[in-house]
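# Understanding the architecture of this molecule
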Amino acid sequence: MHTVEKIGGTSMSRFSELMDTILIGDRTEEDLYNRIFVVSAYGGITNLLLEHKKTGEPGVYARFANAENESAWGEALDDVRTRMLEINHELFGDTAERESADAFITQRIADVEAIMSNLQELCSYGHFQLDDHLMKVREMLAAIGEAHSANNSVIALRKAGVNARLLDLSGWDQEEPLPFEEMIEQSFADVDVSKEMPIVTGYTHCKEGLMKTFDRGYSEMTFSKIATKTGAAEAIIHKEFHLSTADPGIVGLEKVVTIGRTNYDVADQLSNLGMEAIHPKAAKGLRQQQIELRIKNAFEPDHAGTVISTDYCSETPCVEIIAGRPNLFALEIFDQEMLGEARYDIELPRLLNELRLYVVNRDSDANSITYFVAGTRKMVTRAVRLIGEKFASAEVELHKVAIVSAIGSNLKVPGILARTVSALADSGISVQALHQSMRQVEMQCIVNQDDYESAVRALHHALIEQEDHGDVICAA
Ligand SMILES: Nc1ncnc2c1ncn2[C@@H]1O[C@H](COP(=O)(O)OP(=O)(O)O)[C@@H](O)[C@H]1O
Ligand SMILES: N[C@@H](CC(=O)OP(=O)(O)O)C(=O)O
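Keep in mind that what you see is a predicted model, and the values were worked out from it rather than measured.

Moving on, we get to the overall build of the chain. Counting its secondary structure elements, the chain contains 18 helices and 16 strands. Computed over its C-alpha atoms, the radius of gyration of the chain comes to 23 Å, within 12% of the 23 Å expected for a compact globule of 476 residues. Dimensions of the chain along its principal axes, counting C-alpha atoms only, are 65 × 65 × 40 Å. Per-residue burial over the chain gives 53% buried out of 476 residues. When contacts within the chain are restricted to residue pairs at least 6 apart in sequence, long-range pairs at least 24 apart make up 76% of them. Of the roughly 21,400 Å² of accessible surface on the chain, 47% is carried by carbon and sulfur atoms. Each charge class in the chain was averaged separately, 45 positive and 74 negative side chains, and the resulting centres sit 2 Å apart.

Put into structure tokens, the structure is as follows:
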């Protein structure tokens, strides 16, 4: 039996440490194999290739799609090339391995560059529309991030004597795309996992278009499909930290507690806030085939990590995680014509969706609706203008806000809402809006952007640090 293991981008950026922990360490010949690794692009690379996942800052793709002049996206692509070659240098120094790594990625970038230039030229003629081809460009760009990290990993592992094999699912030289499942089946047809260590690109080129269907976080779709298709004994996601009661980067590693068990419901709430414990759609296949999912700290391989299952529910009610999402826009639409009019509720989300603005949450009263959205200022400003055009009597206001959220598989703690609000008030943080739904898995407080980190610390202190959970909440 084998496992399928995904390595996230933040962890891939510490590759030499991974060689000593999860990839090789002190494993004997036998323990090395029966593991399939799916790798993400190094941290920050996909942001440069497409757009920043959290802030929306444009990368190569966004500049190309916004039809700025050629030099705008060309320069951005040059930056990616420089960064990728720097990474190769850090990994391989001045060796033959580096030459091979450089040649591989330089060729890929040159190919994409040529295609994009030709496309831009072609679309200067009115008969050809750039919009018709954008998704293909997005996919090609994304795919080079994962091809880079996977190819480098194979070079490093082979040098260390491991029989690693590159499974490039990015479909570079493929003529016809195959359906997603077939692509995976075909790629694994002649792989002997007991003697080879497959290093698989997180991007899969397929008929459905992985990017079109799942967008960012797509490497988890590749990961879960491989786990279900190959009948893995366990699916493991390796991350930079243990899944913890809050972001260790904000609260401090010494204060956070590792989560031993949680469920997919909690994982969905985390995804919505941009902290992807697991892509919600990736979880589905694993759940259906009852493959256990484990999230582990890539740098503490002996720790059991977090097991995510469908039916786990904490025996005692408690807050398990303080998560949050900074850099959101509150788009407040006030209109006295709104009362009793369903069309606002139908048309506003459609408009935001068309502009690719992600709605994290919304609230409303008799004559106003506020959407809390993630996206670039440019797109949000465009939304304000379009809403004004569509609803002439509406007044639209923008605020920069953050969401801080307390989440738990069983949150029915008496007085929890009052404790949450007073923890924020005691820290001098003003609560702009508050959400709790009847299911009681999550409580969200909207605060000013500047208060984000102090709000996370205040809630962690009040709702988690006081509970004395020890090192792990419910060890797996
Ligand atoms: N509750 C949490 N537990 C662990 N890490 C968290 C948590 N919340 C936020 N983080 C942050 O998430 C980062 C990893 O982000 P993510 O995009 O999921 O990584 P990856 O590149 O591994 O997919 C970590 O660097 C950490 O600072
Ligand atoms: N690198 C891609 C795919 C991915 O899933 O990355 P990560 O595993 O680092 O979240 C992205 O940022 O969307």
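Additional details are given in the paragraphs that follow.
On to the pairing of strand 3 (residues 164-167). Relative to strand 4 (residues 197-201), strand 3 is paired through four bridges, and the arrangement is parallel. Counted as the bridge partner of alanine 164 is methionine 197 from strand 4. Once the chain exits strand 3 it traverses helix 9 (residues 180-188) before rejoining the sheet at strand 4, and the crossover so formed is right-handed.

A contiguous patch of negative charge on the surface is contributed by Asp26, Glu29, Glu30, Asp31, Glu300 and Asp302. Turning to its location among the elements, aspartate 26 is positioned in the loop between helix 2 (15-23) and helix 3 (29-32).

This brings us to the site of ligand 2. Taken together, the neighbourhood of ligand 2 is formed by Lys6, Gly8, Gly9, Ser40, Thr46, Lys53, Glu146, Arg216, Gly217, Tyr218 and Ser219. The side chain of threonine 46 places a nitrogen or oxygen atom 2.7 Å from a nitrogen atom of ligand 2. Arginine 216 has a polar side-chain atom sitting 2.7 Å from an oxygen atom of ligand 2. Here ligand 2, which alone exposes 340 Å², has 89% of that area covered by the protein. The residue makeup of the shell around ligand 2, split by class, is one nonpolar, six polar and four charged.

Turning to the pattern of salt bridges, a few remarks are in order. Within the structure shown, the criterion is met by 29 salt bridges. In this structure, glutamate 90 and arginine 83 form a salt bridge, with 3.7 Å as the shortest nitrogen-oxygen distance. Arginine 83 gets classed as partly exposed once you look at its relative accessible area, which sits at 29%. Between arginine 457 and glutamate 453 there is a salt bridge, and its shortest N-O distance comes to 3.9 Å. Residue arginine 457 and its partner glutamate 453 are both found in helix 18 (residues 452-463); the two are separated by four residues, about one turn of the helix.

All right, on to the site of ligand 1 then. Looking at ligand 1, there are 13 residues lining it, with Thr10, Lys239, Glu240, Ser244 and Asp247 nearest. Take serine 244: an N or O atom from its main chain is 2.8 Å from a nitrogen atom of ligand 1. With respect to ligand 1, the side chain of aspartate 247 contributes an N or O atom lying 2.6 Å from an oxygen atom. Residue classes in the shell around ligand 1 are distributed as five nonpolar, five polar and three charged.

This part covers a nonpolar patch on the surface. Taken together, the side chains of Leu122, Tyr125 and Phe128 define a hydrophobic patch exposed on the protein surface, amounting to about 280 Å² of accessible area. Following the sequence through the fold, tyrosine 125 ends up in the loop between helix 7 (96-122) and helix 8 (134-159).

Here we come to the packing of helix 9 against helix 11 (residues 219-229). Each pair of packed helices can be described by the angle between their axes along with the distance between the axes. Orientation of helix 9 relative to helix 11, taken along the N-to-C sense of each, is 65°, at an axis distance of 10 Å. Taken together, helix 9 and helix 11 sit at an angle that is classed as roughly perpendicular. Classified by chirality, the crossing of helix 11 by helix 9 is right-handed. Packed against helix 9, whose contacting residues are Phe180, Glu181, Ile184, Glu185 and Phe188, the element helix 11 presents Met221, Thr222, Lys225, Ile226 and Lys229 at the interface. Broken down by class, the residue content of the contact of helix 9 with helix 11 amounts to five nonpolar, one polar and four charged.

For helix 18, which comprises 12 residues, the first-to-last C-alpha distance of 16 Å matches the rise-based estimate of 16 Å (1.5 Å per residue) to within 8%. Of the surrounding secondary structure, the elements contacted by the buried residues of helix 18 are helix 12 (248-251), strand 10 (321-334), strand 13 (395-407), helix 17 (416-426) and strand 15 (442-448).

What counts, and at which threshold
- Residues numbered from 1 in each chain as written.
- Chains lettered and ligands numbered in written order.
- Predicted model: local features only at pLDDT ≥ 70, side-chain atom pairs only at ≥ 80, totals over all residues.
- Heavy atoms only, no water.
- Helix = DSSP H or I, 4+ residues; strand = E, 2+ residues; numbered from the N terminus.
- Rg over C-alpha atoms; globule rule 2.2 N^0.38 Å.
- Buried < 20%, exposed > 50% of the residue type's maximum accessible area, 1.4 Å probe, protein only.
- Contact = heavy atoms within 4.5 Å.
- Areas by Shrake-Rupley, 256 points an atom, 1.4 Å probe, with all protein chains shown as cover.
- Lys, Arg positive; Asp, Glu negative; His and termini not counted.
- Charge placed at Lys NZ, Arg CZ, Asp CG, Glu CD.
- Pairing = 2+ DSSP bridges.
- Right-handed = clockwise from strand over helix to strand, strands pointing away.
- Patch = residues over 30% accessible without salt bridge, like charges linked within 9 Å, V, L, I, M, F, W, Y side chains within 5 Å.
- Salt bridge = Lys/Arg side-chain N within 4 Å of Asp/Glu carboxyl O.
- Near = heavy atom within 4 Å.
- Polar contact = N/O pair within 3.5 Å; in protein donor to acceptor, adjacent residues only side chain to side chain.
- Nonpolar A, V, L, I, M, F, W, Y, C, P; charged D, E, K, R; others polar.
- Axes fitted to C-alpha atoms, helices over the stretch in contact; angles between N-to-C directions.
- Parallel < 35°, antiparallel > 145°, perpendicular 65-115°, else oblique.
- Left-handed = near helix turned anticlockwise from the far one by under 90°.
- Expected span 1.5 Å × (residues − 1).

Bear in mind that shape data such as this cannot, by itself, settle questions of function.
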